[in-house]
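# Observations on the three-dimensional arrangement
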Amino acid sequence: MLRSMYSGISGLKNFQTKLDVIGNNIANVNTVGFKKGRVNFKDLMSQTQAGASGSTATRGGVNPQQVGLGSQLAAIDTIHGGGSLQSTGRGLDLAIEGDGFFMVGDANGAPDETTGFIGEDGFNNTLFTRNGIFYMDNNGYLVNADGKYLVGVTAGDEIVIEKDDTGIALDDAPNASGDEGENLFDDAGELTPAEGDLGPIRIPTTAKEVNIGPDGKVTYVDLNGDQQWAGQLVMAKFPNAGGLAKVGGNYYQQTTNSGAAYAQVATVAGMGKVVPGAVEMSNVDLSEEFTEMIVAQRGFQSNTRIITTSDEILQELVNLKR
């Protein structure tokens, strides 16, 4: 009887975990870029009552006799299937159609108090996300809701703020991806574009119009009416996206099981394309979650019945002695 009771307890714990994951999925049904979780079970162990025996000249073989001792969690997966794209009409709302993650991070330097330019190249504390809602800060840099800079190749101080400033024409923009589409992360794990400088992308306040293309190129029309290049997004993807660790805030962090990040610009070497004016919604399917909730609820109830039935049988055994 004790074996069945403890098997029931293991089932209760596992279905409670399943309900926790379902509850988190439903809570994030409208979270931009959220990827749902899924719980898998496996049996715990089996107690062997009798081992298997092979056949003989006069008799066939016998299978082992084993009693299972419950269940345990096999995995809690993150399902990285794409969510539906919702049009917003806002130019700085971005979605990824296909593989890849936006990279966001902290700048290696602070903006100059006078000019607003960040003198240091590169980023630190880089994280990965599918949430493509971005804004312009007080200096015109592209940031997310937490103030983290969007990682990309930048024009630096070569942007047109005043009439006499010199910018970078679209035809003269650096080829950040290189010719072979190689990984922009070097062997030391440093992000190094083939051409151009890595840094926050700045859009001048005097720009008349801002556009972000499917390849992640950020352009603007300056106050003189000329089209200028402001930068280009750099994205990342992983051999095993399911191995990324969730760190909150719609961010993911690289782990040893996710594999090393592969960085490139959009539409190159299998990287997805950028869809401006849209966001990627959560991939949670409410009908599926409610069905899984019913299954988990009934599974939980069934395991409680195992415990109460075992308890009643034990009570009958105790009552044999009056």
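Note that this is a predicted model, so its numbers are computed, not measured.

### So, the overall build of the chain
Secondary structure assignment for the chain yields two helices and 22 strands. For 322 residues, the compact-globule estimate of 2.2 N^0.38 gives 20 Å, and the C-alpha radius of gyration of the chain, at 28 Å, exceeds that figure by more than 25%. Each principal axis of the C-alpha distribution contributes one length, and for the chain these read about 105 × 50 × 30 Å. The burial tally for the chain puts 41% of its 322 residues in the buried class.

### Topic: the pattern of salt bridges
Tallied over the full model, the rule gives seven salt bridges. Notably, a salt bridge pairs R90 with D93, separated by 2.6 Å at the nearest N-O pair. Look at R90 and you get partly exposed, because its relative accessible area is 29%. Judged by its relative accessible area of 6%, D93 is buried.

### Examining the environment of Y262
Structurally, Y262 can be placed in strand β20 (residues 262–264). Along the chain, Y262 and A236 lie 26 residues apart, while their C-alpha atoms are 5.3 Å from each other. Contacts of Y262, omitting those with residues within four sequence positions, involve G181, E182, N183, M235, A236, K237, A269 and M271. At a separation of 2.4 Å, a polar atom in the side chain of Y262 contacts the main-chain carbonyl oxygen of G181.

### Comments concerning a negative patch on the surface
Together, E120, D121, D157, E158 and D197 make up a region of like negative charge exposed at the surface. Among the structural elements, D157 can be located in the loop between β12 (152–154) and β13 (197–198). Relative accessible area serves as the criterion here: at 54%, D157 is assigned to the exposed category.

### Observations regarding the nonpolar core
Formed by 55 residues in total, the largest nonpolar core has its most connected members in F102, M103, F128, L191, V218 and L233. A total of five residues in this core trace back to one element, the largest contributor, which is strand β7 (residues 101–107). Apart from the residues within four sequence positions on either side, V218 is in contact with L142, I201, I203, V210, N211, I212, Q228, W229, A230, G231, Q232 and L233.

### A closer look at the environment of G242
Turning to its location among the elements, G242 is positioned in the loop between β17 (235–237) and β18 (245–248). Given the relative accessible area of 41%, G242 is considered partly exposed. Separated by 162 residues in sequence, G242 and H80 place their C-alpha atoms 7.0 Å apart. Aside from chain neighbours lying at most four places away, what touches G242 is T78 and H80.

### Some points on helix α2 (residues 286–319)
When the terminal C-alpha atoms of α2 are compared, their 49 Å separation across 34 residues agrees well with the 50 Å that a helix rising 1.5 Å per residue should span. Along α2, the residues that are buried comprise E289, A296, G299, N303, I307 and S310.

### Comments concerning the confidence of the model for the chain
Here the chain averages 91 in pLDDT, while 99% of its residues score no lower than 70. Taken element by element, the chain is modelled with least confidence in strand β2 (residues 46–50), mean pLDDT 87, and with most confidence in strand β22 (residues 278–280), mean pLDDT 96.

### Brief notes about the sheet that holds strand β15 (residues 217–221)
Hydrogen bonds between backbone atoms are what pair the strands of a sheet, whose relative direction is either parallel or antiparallel. With respect to topology, five strands assemble into an open sheet ordered β13-β12-β16-β15-β14, the strand pairing being antiparallel. Edge strands, defined here as strands with exactly one partner in the open sheet, are β13 and β14 (209–212). For β14 and β15, the ladder comprises four bridges, and the chain directions are antiparallel. Note that in β15 the partner of V210 across the bridge is Y220.

### With respect to the packing of aromatic side chains
Applying the stated rule across the entire model yields six aromatic pairs. When the ring of F102 is compared with that of F134, the centres are 5.5 Å apart and the planes differ by 85°; the resulting orientation is edge-to-face. Of this pair, F102 sits in strand β7 while F134 sits in the loop between β8 (123–129) and β9 (135–136), and the two are 32 residues apart along the sequence. With respect to class, F102 is no different from F134; both count as buried. Relative to F238, the ring of F128 lies with its centre 5.0 Å away and its plane at 90°, an arrangement referred to as edge-to-face. You can see F128 sitting in strand β8 and its partner F238 sitting in the loop between β17 and β18, a full 110 residues away along the chain. On the accessibility criterion, F128 (5% relative accessible area) is buried.

Reading guide: rules and limits
Residues numbered from 1 in each chain as written. Predicted model: local features only at pLDDT ≥ 70, side-chain atom pairs only at ≥ 80, totals over all residues. Heavy atoms only, no water. Helix = DSSP H or I, 4+ residues; strand = E, 2+ residues; numbered from the N terminus. Rg over C-alpha atoms; globule rule 2.2 N^0.38 Å. Buried < 20%, exposed > 50% of the residue type's maximum accessible area, 1.4 Å probe, protein only. Salt bridge = Lys/Arg side-chain N within 4 Å of Asp/Glu carboxyl O. Contact = heavy atoms within 4.5 Å. Polar contact = N/O pair within 3.5 Å; in protein donor to acceptor, adjacent residues only side chain to side chain. Patch = residues over 30% accessible without salt bridge, like charges linked within 9 Å, V, L, I, M, F, W, Y side chains within 5 Å. Areas by Shrake-Rupley, 256 points an atom, 1.4 Å probe, with all protein chains shown as cover. Lys, Arg positive; Asp, Glu negative; His and termini not counted. Charge placed at Lys NZ, Arg CZ, Asp CG, Glu CD. Core = buried A, V, L, I, M, F, W, Y, C linked by side-chain atoms within 4.5 Å. Expected span 1.5 Å × (residues − 1). pLDDT = per-residue confidence, 0-100. Pairing = 2+ DSSP bridges. Phe/Tyr/Trp six-rings, centres within 6.5 Å; stacked < 30°, edge-to-face > 60°.

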